Each structure stands twice: as structure tokens, then as C-alpha cells.
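Listed here are the chains, written in short residue letters.
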Amino acid sequence: MTQRNRLAEGGRIDREQPLSFRFDGTHYEGYAGDTLASALLANNVHLVARSFKYHRPRGILSAGAEEPNALVQLREGTRSEPNMRAPQIELLEGLIAESQNRWPSLQFDVGAVNNLLSRFLPSGFYYKTFMWPASLWLTYERFIRNAAGLGRAPAAPDPDHYDSRFAWCDVLVAGGGPAGLMAALAAGRSGARVIIADEQAEPGGWLLSDTAEIDGMPAAEWAAGTVAQLAAMPEVTVLSRTTVAGYYDHNFLTCIERVTDHLADPPATMPRQRFWQVRAKQVVLATGAIERPLAFPNNDRPGVMLAGAVRSYVNRYGVLPGRRAVVFTNNDSAYGTAVDLKRAGADVTVVDLRREPAGTLVDAAVGEDIEVLDGFAVTRVSGGKRVSGITVRGLGDEGIKASGTSRSMACDLLAVSGGWNPTVHLFSQSRGKLRFDDALATFVPGASFAAERSAGACNGTMTLAGCLEEGIAAGLAAARDAGFDEGGKTAVPKTRDVESAALQPVWLVPSRRAIGRAGKQFVDFQNDVTAADVHLAHREGYVSVEHLKRYTTTGMGTDQGKTSNVTALALLAELQGSTIGEVGTTTFRPPYTPVSFGAIAGRNVGRLMDPARVTAMHDWHVEHGARFEDVGQWKRPWYYPRPGESMHDAVNREVAAARNSVVMLDASTLGKIDIQGPDAARFLNLIYTNAWLKLPVGSCRYGLMLHEDGMVFDDGVTTRLAENRFLMTTTTGGAANVLTWLEEWLQTEWTDLEVYCTSVTEQWATVSVSGPYARHVLGALTDYDKLSPRDFPFMTMREFPVAGIPARVFRIGFTGELSFEVNVPRRHGLALWDALWQAGQRYGMTPYGTEAMHVLRAEKGFVIVGQDTDGTVTPMDLGMDWIVSRSKGDFIGRRSFAREDTSRTDRKQLVGLFTEDPHQVLVEGAQIVEQVRPRPPMKMIGHVTSAYYSPNVGRSIALALVKRGRERLGEQLWVPRLDGGRAAKVTVTEPVFYDRQGVRARG
Amino acid sequence: MFLIECPWCGPRQQIEFHCHGEAHIARPVDPDAISDAEWADYVFNRTNPKGVHYERWVHNHGCRRWFNVARDTVSDRILATYRVGEKAPKVTP
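What you are looking at is a predicted structure, and each value in this text was computed from that prediction instead of being measured.

What counts and how
- Residues numbered from 1 in each chain as written.
- Chains lettered and ligands numbered in written order.
- Predicted model: local features only at pLDDT ≥ 70, side-chain atom pairs only at ≥ 80, totals over all residues.
- Helix = DSSP H or I, 4+ residues; strand = E, 2+ residues; numbered from the N terminus.
- Buried ≥ 20, exposed ≤ 12 C-beta atoms within 10 Å, placed from the backbone.
- Contact = placed C-beta atoms within 7 Å.
- Pairing = 2+ DSSP bridges.
- Axes fitted to C-alpha atoms, helices over the stretch in contact; angles between N-to-C directions.
- Parallel < 35°, antiparallel > 145°, perpendicular 65-115°, else oblique.
- Left-handed = near helix turned anticlockwise from the far one by under 90°.
- Nonpolar A, V, L, I, M, F, W, Y, C, P; charged D, E, K, R; others polar.
- Core = buried A, V, L, I, M, F, W, Y, C linked by C-beta atoms within 7 Å.

## As for the overall build of chain B
Secondary structure assignment for chain B yields one helix and six strands. Overall, chain B shows an N-to-C arrangement of helices and strands of β-β-β-α-β-β-β. Taking the principal axes of the C-alpha coordinates as reference, chain B spans close to 40 × 30 × 20 Å. The 93 residues of chain B split such that 16% are buried. The contacts in chain B between residues at least 6 apart in sequence include a share of 48% that link residues at least 24 apart.

## As for the sheet that holds strand β33 (residues 663-666) of chain A
Residues and elements named next belong to chain A. Taken in spatial order, the six strands line up as β40-β41-β42-β39-β33-β43 in an open sheet, and their pairing is mixed. Unpaired on one side and paired on the other, β40 (797-802) and β43 (846-847) mark the two borders of the sheet. The sheet strands contacting helix α18 (residues 647-660) are β33, β39 (764-770) and β43, and the helix crosses β33 at an angle near 115 degrees.

## Some points on the packing of α18 of chain A against helix α23 (residues 850-859) of chain A
Residue and element names in this part refer to chain A. Between α18 and α23, whose axes approach to 9 Å, the crossing angle comes to 55 degrees. Compared by their axis directions, α18 and α23 come out oblique. Taken as a pair, α18 and α23 cross one another with a handedness that is right-handed. Judged by residue contacts, Val651, Glu654, Val655 and Ala658 of α18 engage Glu851, Ala852, Val855 and Leu856 from α23. Residue composition of the contact of α18 with α23, by class: six nonpolar, no polar and two charged.

## A few points about the sheet that holds strand β19 (residues 347-352) of chain A
All names here are of chain A. Pairing within the open sheet is parallel, and its five strands lie in the order β17-β24-β18-β19-β20. In this open sheet, the two edge strands, each paired with only one partner strand, are β17 (304-306) and β20 (371-374). The mean angle between the axes of side-by-side strands here comes to 20 degrees, regardless of whether they run parallel or antiparallel.

## Things to note about the pairing of strand β49 (residues 984-989) of chain A
Residues and elements named next belong to chain A. Covered by surrounding structure in β49 are Ala984, Val986 and Val988 only, the residues Lys985, Thr987 and Thr989 on the alternate face being uncovered. Relative to β49, strand β48 (residues 972-975) runs antiparallel, the two sharing four bridges. Following the sheet pairing, Leu973 is matched in β49 by Val986.

## What about the interface of chain A and chain B?
Taken together, the 20 residues of chain A in the interface contact 19 residues of chain B. Top element by residues in the side of chain A that touches chain B is helix α20 (residues 735-748) of chain A. It accounts for five residues. Considering only residue class, the side of chain A that touches chain B consists of three nonpolar, six polar and eleven charged.

## So, unusual backbone geometry
All names here are of chain A. Of note, the bond from Pro590 into Pro591 is cis; its omega dihedral lies within 30 degrees of zero at 0 degrees. With respect to the helices and strands, the residue Pro591 is situated in the loop between α15 (580-583) and α16 (597-601). The omega torsion across Pro936 and Pro937 is 5 degrees, close enough to zero to call that bond cis. Locating Pro937 in the fold gives a position in the loop between β45 (927-929) and β46 (940-950).

## A closer look at the nonpolar core
Core analysis: the largest hydrophobic core is formed by 175 residues, its most contacted members being Val171, Ala183 and Leu414 of chain A. Counting 107 residues, the second largest nonpolar core, distinct from the first, contains Ala735, Ala765, Trp833 and Ile892 of chain A.

## Some thoughts on α23 of chain A
Residues and elements named next belong to chain A. Burial within α23 is extensive, with nine of its ten residues counted as buried. Taken together, the buried positions of α23 are occupied by Thr850, Glu851, Ala852, Met853, Val855, Leu856, Arg857, Ala858 and Glu859. In the core, the buried residues of α23 are packed alongside β31 (627-631), β32 (634-639), α18, β33, β46 and β47 (955-963). Directly beyond the C-terminal end of α23, a positive phi value near 75 degrees is found at Gly861.

## So, the packing of helix α8 (residues 333-343) of chain A against helix α9 (residues 360-367) of chain A
Working note: a packed helix pair is described by the angle between its axes plus the distance between those axes. Residues and elements named next belong to chain A. At a minimum axis distance of 8 Å, the contact between α8 and α9 shows a crossing angle of 25 degrees. Regarding the angle of α8 to α9, the classification is roughly parallel. The crossing of α8 and α9 is left-handed. Contacts from Tyr335, Gly336, Ala338 and Val339 of α8 reach α9 at Leu361, Val362, Ala364 and Ala365. Along the lines of polarity and charge, the residues of the contact of α8 with α9 split into seven nonpolar, one polar and no charged.

## Comments concerning the pairing of strand β9 (residues 194-197) of chain A
Residues and elements named next belong to chain A. Burial along β9 is two-sided: the residues Val194 and Ile196 and Ile195 and Ala197 are all buried. Where strand β8 (residues 163-174) and β9 come together, four bridges link them in parallel fashion. Looking at the pairing, Val171 lines up with Val194 of β9. In this sheet, strand β12 (residues 236-239) lies alongside β9 in parallel orientation, the contact comprising four bridges. Across the sheet, residue Val194 finds its bridge partner in β12, namely Val236.

## Focus on the environment of Leu969 of chain A
Residues and elements named next belong to chain A. Assignment of secondary structure puts Leu969 in the loop between β47 and β48. Considering only alpha carbons, one finds Leu969 and Ser819, 150 residues apart in sequence, at a separation of 31 Å. Apart from residues no more than four positions distant in its own chain, Leu969 is found in contact with Val988, Thr989 and Glu990.

## Notes on the environment of Met556 of chain A
All names here are of chain A. Within the secondary structure, Met556 sits in the loop between α13 (545-552) and α14 (565-576). Judged by C-beta crowding, with 16 C-beta atoms within 10 Å, Met556 ranks as partly exposed. Along the sequence, Met556 and Asp524 sit 32 residues apart, while their C-alpha atoms lie 9.2 Å from each other. With residues up to four places along the chain from it excluded, the contact list for Met556 reads Asn527 and Lys549.

Dropping the structure here:
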């Protein structure tokens, strides 16, 4: 029979719209307006999961975000999601869900043997058993991860797209129950810009489950009317299906809006979810309360549910989860459940831990002829995959021992209430201080830290009238503090008065038997933590809540202990003979419920994750088969393989061409900073280690930049364009940092200097032509006579047209060959490249990439900052004493040369290395030792920073930083291998391998 | 994420800024006249207070100006922002 638990009428479901769905391969039917949980219960399916550690059968405990048991694998394939909470999954046509953590099936699960072995799997079992020896942890871990588990993450990329949105508002209201709706209404009427976010498909919160009337209307109807009023206000935004997940500094909150998750066939144009990042002047928290279970033997059986949740299923979804119901409580609220169950046709008995309860709700129950056993406790639950009966026992006079008469009764539903915990998660995230409230026996918001206020049940106000009234007050106050103090006046809607008796705090239900002996008394359902585990932790000396949490894993599941934390704290307090307030809580962390990474990433995925910067000549490189390398955000040609060539072949060819004919490089990515102003030269004198005041106009100079600690952090060539104007070049990756560095000194230290820095990297396209025929190639495109060494010497700059394009031409390069670096406005970059390419054909023009560039510069011993240096290297360590001025006065980092550490004689110094086998190329980063031992540790004296095969030298070459390296020329050292292979024997050499006198570049 | 009042642009999200550490550390006028220890103090040592911290921020995705912030390191509240060259305001956390 389908939907045998469905009531004939009532509920906010549409019986005209049946929906079919599949759970664990079986087809069921539900209605539009159902959740997966309510639809399963309508079909009398209570067993929906196996527990995390003991694989115990579990049912649906709650009707909301707090659900610890009913976690399912939702959907199939790449859209599949694990650990989704069944009470929060809106039912849709064709929905597919599977239970988790069971094999081969939910009904028969082999892992359930853990339950029988549980005596041997106490708290801390894994910790104690597997921490030693540490080396075996990786072996254990595989088995443990397999055994403990929830759902599976999909293996393929997420096919959906997600949006992100920034928003500002005067008042953000978190939660759309009675308090939240009134707060939004009052704040909205005062003219404030309001966002109200509610996690459910329709706002209303508890009103959707309640039978109360507001202003003479059913509560749910009143809620819908209020939402309509809000939606009509121009400055109010109502976000449903939106969870306020995180509360951060300065009233920055994140919300996750589920835009199309509830649609069977979502349009491709819509994002699946939207991640809101909201800055609110004021926040009203109206997040309600979460009911807590009681700890008694086998309190986790399917069919044991929270009393409030049962009421939701009856009233909101028209589902009667059981026909023979017992309501077990320590407070009045569960009597509402008893009455509604009875009216829906169930047999109901109330078991109350209190003696002689009285109040409006109790009277109503008695009026319905419901039997009330007061001063009784449930001491036994029978049934395996579904509760089939209970035993109750009378409590002694003090109410702490179950010593009285016992009675057993059959039942198929046990609705439990241990009281309510205000949902203080967001309040706590905002750094508000929690206060323990004795009457409610739970934590409530105390002193605020952020600009927020709590209203309604999350503030400990548990009556409907109180929630409505507090909501108005909070909304008005929030609007006032945001600068809107008029017009918000709102009358309190009329409700019926309810009188309640006090709750009697009970955590571990009294029993005649020792703890854990009559069945497990679960505290944390999701992580399978029992009251006995808390006792064990106490016996073993875990006195702090933080230790208790980590040792027992209480509250560390995906539900973050929404139903368990306060109970665990109360048990610990009892054991320590202190109060719960003294024991304190652990810190609440965002997010309130899990947020998918996809939503946080939003559109910033794939190509949009990071911008790709390309030069004006990029298309040419692509057409000519270049392989690319990422340098910062730049795409730089790495090498240009010809058909059939390996990378090694191509690089060797490019490197040889540079020394024998002519080559060209796209050097546009080098950082370029235009520096102007009357104090520009003085400024460079402070920034660089060498002298700049007397550099003639039209001349270039290489410079090193240091941090104040004396360590090299960037280098490049700077040219004097005019008396008060320089063009600085930086490394490709360091350009932005260098500009920031210059600005920092100008703005914060040397504010008296008149200097202006502008990044012009993107404004220029740069082609470096290099090699013995470089002058011939360039000469074909301009006046050859201008290029003579006398008119245009090494390290100078001239301005003249090249191929008819106005250009700045620099006689500088990074290859050690005769080089011209031609700079033209970016828009002419491709034309320039083409012209040089054509003109170079008769000389064997070869385009080369960054790899050949690295080999060429290593042949010359030119360092790359960041590769041959690592922030601990001084100019002297690099053998570049010649660039450090001793006479020009102060510059950044100079004073640090005298520091003890920088002036010691055993520092690592740059040297070259030759391997014994000329074809062996060392691994960059490899350690260097004097003596090889069979295995580490060995005394390391340095490391390889650059290593290549050099066709021009005819062997492999390497640069390295080695302790006292300059004293070791000719010495033999070793480079061991991590994989245990034979260590390489190397000889220390000068770090320049080619044209040591530098004749070729000057030619 | 902080909300930071740039003295030139007004309130902006933290992602537009970078923090550059403690403010009001003047570079020694004559580095040679001070001891190694005093130089090391300038280069390496910072106060790292629990409470009000005066620090430099740059609005690098905005006006690219450096300015100073007085922030309570306990509460992360920003107590004042002011331009370079202005005197540090007296604030209480």
C-alpha cells in the first residue's frame, strides 16, 4: 500500500501533485511540498541509515537542519552529493537517493558486527591503538577510512555552475519564523534596507508546524500573508531556501541560496546555488531552537523521533509516523505533539519525568483522554530496525532513581523531548558570549560582541506571543541603530495565552542498571557517542570540554552536534560535580550547515580562476607550435618544437642557434616601470645597490634590489631616458611586488622625494634579437650605420624607427651574445615580430622560449632571482661585490652587510658544478654533501639551484649555493639521490661557463 | 572580512587591501651611527601587542595609497584610520 501513513487531509502538501521517487532502488510516491524524510515516513519507511561507527539501524530523528541520522547520497553520477539531510531535501519528480555506510544492504549490513564488538571499540580506540608505531599509521588509515564512512564524493568534475553575490543592507534578519518575520516587518516599515533569509522553501519556521492561530488565522496562513507584505516592500529582499551559514568580522555574513536544487529539470541558464556575501549594518538573529533528545537505552532505534519533529510531520506534511505512540518528555512542549497525534488518529501515552505536571498544554492532553504517566522514565526500548515497544519504570521520590513499578507497552513511535536548545550558532560565531539559563537548562545569548541582537526562540523565548513581540522590538532597534528611527511602529499580532510549567532538567534518564548495560544511551547520534563514552573520557582525565570533544568526537560530525552538545556538556558537568555554565561550551564554527566548495568558488573556476596574460605576439607563438609555460599569470613560450622534436632536441637547437646565428625572444612580459621626477636618480640610489646619479642619458645599468635585511629580492636593467626619467625593468614575476615596494618607500618613508612611478609593462611589446647576426637582421629594418658599436655601444638605448615603427632599442640582453631589445607600443608588437622574423630568415632566425633562455643565461652564469636566490642570499654570496657601491652613501639593505650573520665567512656562495659524467644533468634542488653515507642524515653543505645540458659547452652545467663555495674551486663533492640511486660526483667550478670575458655581448 | 575605511575612498571590503605590518617605524636617519642590535630592532623586531596595534595598510585595488590603521588585535575592531603623516590618534579598545 502506498503512503499508508499519509493522513487523509491537512498539511502543506499538494495531493493533486503526486511525485515518484526512488530510495535504495525502491520506488515510492509522495506529494509536492514533501521532503524526502516526510515522503519516506508517509510510506512507513523509518530505517534509512546505518550509523557511523557501530552500523546501527537508524531512522529519521528530526525535521530540520539538525538531522544527525538520516543522511543520504542524493542523485547519481556527477551531480551526486553525499551526507545530505533527508528532512531538508525537497521532494521532486524522479528524485534518487541512497542510504550510506552499509554493505551489502541497509537491511542486512555486515558492518553491524561492530555493534557486537563495541566493548572492544571504546572512545579513543583508534587513537590508542593506532598511534604507535607512527610509521604504520598509513597502513591502518586505509582500513579505518574504509570502515568509518559516510557517503562518496563524485569523482568527475561538477557539471553545475554557481553564482556569487555581494550585498549591503541596513538590517539582515537570519530566520523567517515568527520573530524573524516581525523583525523584518518592523525594520522594513521604518525604511531600512532589509534582507531576510530563511533556510526553508517557504518562510514561517515553526508556524508551518503549529496549530496555533495568529490574528484569528491559522499560523501558517498568517506567515504567508506576512511574507507577501514583506515581498511588496521595495527595500526588503526575502530570500527563501537560503541559509545564513557564517557570521564573520565587522558584520560580514555569508548565505547560501539553493536556487535550483528543488527543480527536477533546472534550466541550464540558472545557477545551482548562489553564495551571498552580505555586509549588514545591523543583524537580527531569529534562528529558532533545536529540540534535544534524552539519553536512555537504545534511544537511537528507528521510530524514536524528536517530539517537535513528529508534530511537524503530522501538521505540516500530513504524515502520521506511527499509530501507537508514546511521548516521552521532561517539559510541556511535547504535550502539543501528544494532542496532535491523538487528533490525527493515533493511540497516545505520555511518559513524563516530572511529577504532577500542569499547564495549558497538559490540560489539553488530558482533555483528549490521553493517558499521562507522570514521574516515570523509559528504561528499555525493544525492537531492532523499528521500535516495537518500551518499558517504563516509576521514579523514586527524588526523581533520580528508577526504582518503582515497571510496565511494558507496545508502540511503533516514541516521540522524545528533553527540552530545547536555542540555535545560538550564529550568535556564537559573531563572538557573542553565551550564558547558561537555569530555567531552560541550556545556553542562551549573553553579552553581544557584534552589532546584532537575538529575538525569539534563539534568545530563549519559547512562547509564540513572546517571539512576535521580541521580533518587533529587535527589528525596530536594529533599524534605529542603522539610522532609521521613524515609522516602524508595528502592533503585536494577537495570539492565545499559553501557560507552561517548568522543565525538569534530565540528561541521562534514570535507570536501575549501570550505565550502558541496558543498551547504549546515545548522546551524539551522528558520531555514535554514548553516555558511557563521556563517563570513560571523564575517568581517563579529560576534564576540559575541548578535550572531551576531541577524545569522544562528540559534536564533530557534519551536524556539528546540533542535537548532542549540550547533553554531553551536562553529563560532564554532572560527573565533575560542577554546573554546565562552569564547564562551558566549545566554540561554534561556521558554516552552520555544510556549504559546497562549488558555491564558494562561484564563477572563479577553470579559465576564470586566475587571469591569463598574453603578449601581443601570442597568436604567432600558438601558430608556430610553441609550448607555453606559466610565469606568474603570463603565458610565455617555453620552446618551439619542430615536428618530431623532443623538448631536449628543440631546446638544444634553440640554444645553439643563439651562439651561431640569430634568435628572437618575446620579452614583453618583463616588468617595466616608468620612473619620473626631479628626485628620481636619488631615489634609485636608495633602491639599488649601485650608483645612479651620474648615469648618462641614454645609458643602461644593471641593478640589484635588496630588502633591509641585505638579501637580494629583484634585479633588472634600468635606463635613463632623460635627466629626470628612468625606465626600470624587473623580473616577470616580480613586477607588481617591485612597484609596490617603490611606492611604499615613496609614500611612507621618503615623502619629501618627488618621484612618480607608473607600471608600463602592458604598454610595450618587446622583442629581443640576439646572436652573431643580430645587427644584420636589425640593420635590414633600420639604418644599419646607426647600429655600429661606436654609435650604439653595449648598455645604451637609442630611439629610432624599426620596420617603420617608432621604437626604443636597447643594447642589452640575457644571452651573453650581441643583443638588441626592441620595444614598440604594444599595438605594433605583432608587426614588429613579423618584420624581424622575415628579415631574419636568410640568417636562420630561430624563435626561442624560456627554457633556452635559462640555458643561455646559465652558460653565462647570470642568476635568476628566485631560482638561484631564495631570500637568504646577499650580492656578495652571488660573487657580485662589484655591484655594491661602497662610496655612494646609504641604500636599502646596506647596513645589514655588517650584521654578524651576513658577514660570517661560511655562508653559502654561488659556484658552478661539473658532473663527472658530462651527460648527467643534476636535479635542481638536490642537496650537496662532502661525504656520502648509505642513508640520511648526511651533512648538507649546499644545494643545486640550476642544472641544464649545454650544447655550447658540450656538457651538463649547474649552478649551486655551497658553503664557502669560493674556497672550494676544484674540490670534489657529491650530490646524493633521494631514490637511493648512485650519488653524482661533481667538481666545483667558476659559475661562468661560456665567454668568461664577456666579449661577445659587447661586439 | 574586515570593513576598512580608506581615508581617501571611504569604507571598502578587506579584499581590496593589503596589510604591511606595524606603522610608525622610522628608518634610522644614519644607520651607521647605531649598533647592530638597534639596526636589528628596526629590521626585524615588532611590538605585536595584545590590544591596539597601529599598522600600515595599502588600498592596492583602489587608490593604491598607504595609510595607517589602529586595530584592536583582540577584537579585530578598527578603531581609527588616518593618512600617512598624520599623528596617531589616541584610541581605547
